[in-house]
Amino acid sequence: MQLHSTGGVDDGRLLRWTDERGEPLPVSAEPSASVPPAAAGVAYPIALEGVGRVYLWAELTTGRTSTPLEQRFAAHYLRAANALIKRYGARGVAMEAAQAHWQVAQAHQSAQQWQASLAASVLAAEQSVIALARARLQRLNGRLAFLWGVHTADASAAEISLSRLTPPLNCLHSWLTGADTSWERAFGQAQSQRLALSAAVCPSAKGRVAPCEALGEALNTYRGRVRYWTVTTDVQELTVEPQVIDALAELSVAARAADGGIVRALHGRFSWYANCSPYPLLERCVDAGVPFETIQLEWHWYDGTLYDFDELLERFGELGKPIYLLLAPPPTSGWNDFSRATPEAWTEAASVIALSKPFVSALYVPLTAGESWAGALDADGSVGSAWRAIARVVEWNRALLRE
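Every chain's residues receive numbers from 1 upward, in the order its sequence appears when written. Two thresholds apply to this predicted model, a pLDDT of at least 70 for residue-level local features and 80 or more for giving and counting side-chain atom pairs, whereas whole-chain, interface and lining totals are computed over all residues. Side-chain measures here rest on the full set of heavy atoms in the structure, leaving out hydrogens and waters.

Caption draft 1: Structural detail: the overall build of the protein chain. Strands are runs of DSSP state E lasting at least 2 residues, helices are runs of H or I lasting at least 4, and numbering of each runs from the N terminus. Scanning the protein chain for helices and strands turns up 11 helices and 13 strands. Along the three orthogonal principal directions, the C-alpha set of the protein chain runs to about 65 × 50 × 40 Å. When a residue's accessible area, from a 1.4 Å probe over protein chains only, is under 20% of the maximum for its type it is buried; when over 50% it is exposed; and in between it is partly exposed. Classification of the 403 residues of the protein chain by burial places 57% in the buried group. For the protein chain, the share of sequence-separated contacts (at least 6 apart) that also reach a separation of at least 24 residues comes to 74%. Residue-level accessible areas treat just the shown protein chains as cover; the underlying method is Shrake-Rupley with a 1.4 Å probe. Roughly 16,300 Å² of accessible area belongs to the protein chain as shown, and the carbon and sulfur atoms make up 50% of that amount. Considering the protein chain, the positive charge centre built from 34 side chains and the negative charge centre built from 41 side chains are found 6 Å apart. Note on contacts: a residue pair qualifies if any of its non-hydrogen atoms lie within 4.5 Å across the two residues. Residues scored as charged are limited to Lys and Arg (positive) and Asp and Glu (negative), so that His and the chain ends carry no count. Positions of charges follow a simple convention, taking NZ of Lys, CZ of Arg, CG of Asp or CD of Glu.

Caption draft 2: Fine view of the packing of helix 6 (residues 212-222) against helix 7 (residues 242-258). Orientation is described by lines fitted to C-alpha atoms, with helices fitted over the stretch in contact, and by angles between N-to-C directions that extend from 0 to 180 degrees. Across the interface, helix 6 lies against helix 7 with an axial gap of 10 Å and an inter-helix angle of 20°. Comparing their axes, helix 7 and helix 6 come out roughly parallel. Here the hand of the crossing between helix 6 and helix 7 comes out right-handed. Contacts between helix 6 and helix 7 involve Cys212, Leu215 and Leu219 from the former and Glu250, Leu251, Ala254, Ala255 and Ala258 from the latter. In terms of residue class, the contact of helix 6 with helix 7 is built from 7 nonpolar, no polar and 1 charged. An angle counts as roughly parallel when it lies under 35 degrees, as roughly antiparallel when it exceeds 145, as roughly perpendicular when it falls between 65 and 115, and as oblique in every other case. Each helix crossing is assigned a hand: it is left-handed if the near helix lies turned anticlockwise from the far helix by less than a right angle, otherwise right-handed if that turn is clockwise. Each residue is assigned to one of three groups, with Ala, Val, Leu, Ile, Met, Phe, Trp, Tyr, Cys and Pro labelled nonpolar, Asp, Glu, Lys and Arg labelled charged, and all others, Gly among them, labelled polar.

Caption draft 3: How the structure looks around the pattern of salt bridges. A pairing counts as a salt bridge when a side-chain nitrogen of Lys or Arg comes within 4 Å of a carboxyl oxygen of Asp or Glu. Enumeration according to the criterion identifies 18 salt bridges in this entry. Here Asp303 and Arg269 are joined by a salt bridge, their closest N and O atoms 3.8 Å apart. Taken as a pair, Asp303 in the loop between strand 10 (294-300) and helix 9 (306-317) and Arg269 in strand 9 (residues 263-269) lie far apart in primary sequence, 34 residues in all. Neither Asp303 nor Arg269 differs from the other in exposure class; each is buried. A salt bridge links Glu348 to Arg392, with the nearest nitrogen and oxygen atoms 3.0 Å apart. In this pair, Glu348 sits in helix 10 (residues 343-356) while Arg392 sits in helix 11 (residues 385-402), placing the two residues 44 residues apart along the sequence. Sharing partners across several salt bridges, the network here consists of Arg134, Glu344, Glu348 and Arg392.

Caption draft 4: Structural context of the packing of aromatic side chains. Paired rings are identified among Phe, Tyr and Trp, the last through its six-membered ring, by centres lying within 6.5 Å, and are further divided according to the angle between planes into stacked (under 30 degrees), edge-to-face (over 60) and tilted (the rest). Enumeration over the complete set of coordinates arrives at 18 aromatic pairs. Summarising the aromatic geometry, the rings of Tyr55 and Phe338 are spaced 5.8 Å apart at their centres and angled 35° between planes, so their arrangement reads as tilted. Within this pair, whereas Tyr55 is found in strand 4 (residues 55-59), its partner Phe338 is found in the loop between strand 11 (323-328) and strand 12 (339-340), the two being separated by 283 residues in sequence. Among the residues examined, Tyr55 registers a relative accessible area of 0% and is labelled buried.

Caption draft 5: Spotlight on helix 11. Take the residue count of a helix, subtract one, and multiply by 1.5 Å to get its expected span. Over its 18 residues, helix 11 runs 26 Å from end to end, which matches the ideal 26 Å to within 8%, given 1.5 Å per residue. The secondary structure elements touched by the buried residues of helix 11 are helix 3 (114-139), strand 5 (147-152), helix 10 and strand 13 (360-366).

Caption draft 6: Structural detail: the environment of Lys86. Examined against the element boundaries, Lys86 turns out to sit in helix 1 (residues 69-89). The spacing of Lys86 and Trp183 is 97 residues in sequence and 51 Å in space, taken between C-alpha atoms.

Caption draft 7: Quick look at a positive patch on the surface. On the surface, Arg87, Arg91, Arg136 and Arg139 cluster together into a positively charged patch. Here Arg91 lies in the loop between helix 1 and helix 2 (96-110). The patches described consist of residues with a relative accessible area above 30% and no salt bridge, like charges being joined within 9 Å and nonpolar side chains (Val, Leu, Ile, Met, Phe, Trp, Tyr) within 5 Å.

The following block contains the structure:
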């Protein structure tokens, strides 16, 4: 089976094959439009007016082999938008914006203008999940007990900048390597501001479970002060084997023995671009009864549309664990092959979607900007547009709680 394109596919190296759930499959050493036998889905970033250039996804199991990829993508998002509009529009959810994009997509589809149809279809699907998220929160009269945080590996940066982000900042997440005492002052400042403290113990080498000694050192250093501990990171790089599951269970047990009051998390990143997912290992850990309380899920803005983001959260939510979301928002200028129209509005919408999910308990963004993401603070130390977007969502949620 060969994939065909009307011109939107310009770099075969960016093609990603997935299973029927969207889980990444191994990347071939030689990029090719030939579909691997195991593939049931495909992801690729096509530049779209009003959207930008981020990964899109579609199933491969339907349609003729000659159907262009743009048409497949358009059909997927148009079908998703239509289902949401019909189901929730009838229940009073304001779907007018989504409906308008859907009608434009239909018109372009009839004219076989596949890329224009795709752009409108994506916008229709995105507007559908945004409208649904807002409606859910409005009907709940807002959401209580949610953590809005930043994460950083730089203790001095955290110490200097924490006061600039409150409110709505109520949580600080740090990346540690064992007994890192450089965080003493930053943690003290965070406690004086009544912020929740979270920390991750990074593994000494990629693809390995963090050593119990490193975790023990960190817990001993900050016992009683840090409540949320990520006992190991980047589980998407671990093999799904019994010895790995046993090692994670041993690590979690050791963490609880060192400090009985902590909440234990496992961290993993889902990415079509990086071709990785923590889902298979996390699913096995849940089935095997590995003792941990929450999933720390990392997701970057270019790894899908807001509709895909919504679907991803729902799928991870089915594992039955609360989710702490590490969200990398889009920078204003984009990054490499990727871009996003209206980055600040994107961050606001993504925050609303996360807040609307009862199983999502926290949302963290990077404290400072990087090459491929926006931070809570700009390079000059001022509050960045991403954090301003989050602050608007928090204020809107507070207004709902007061109603």
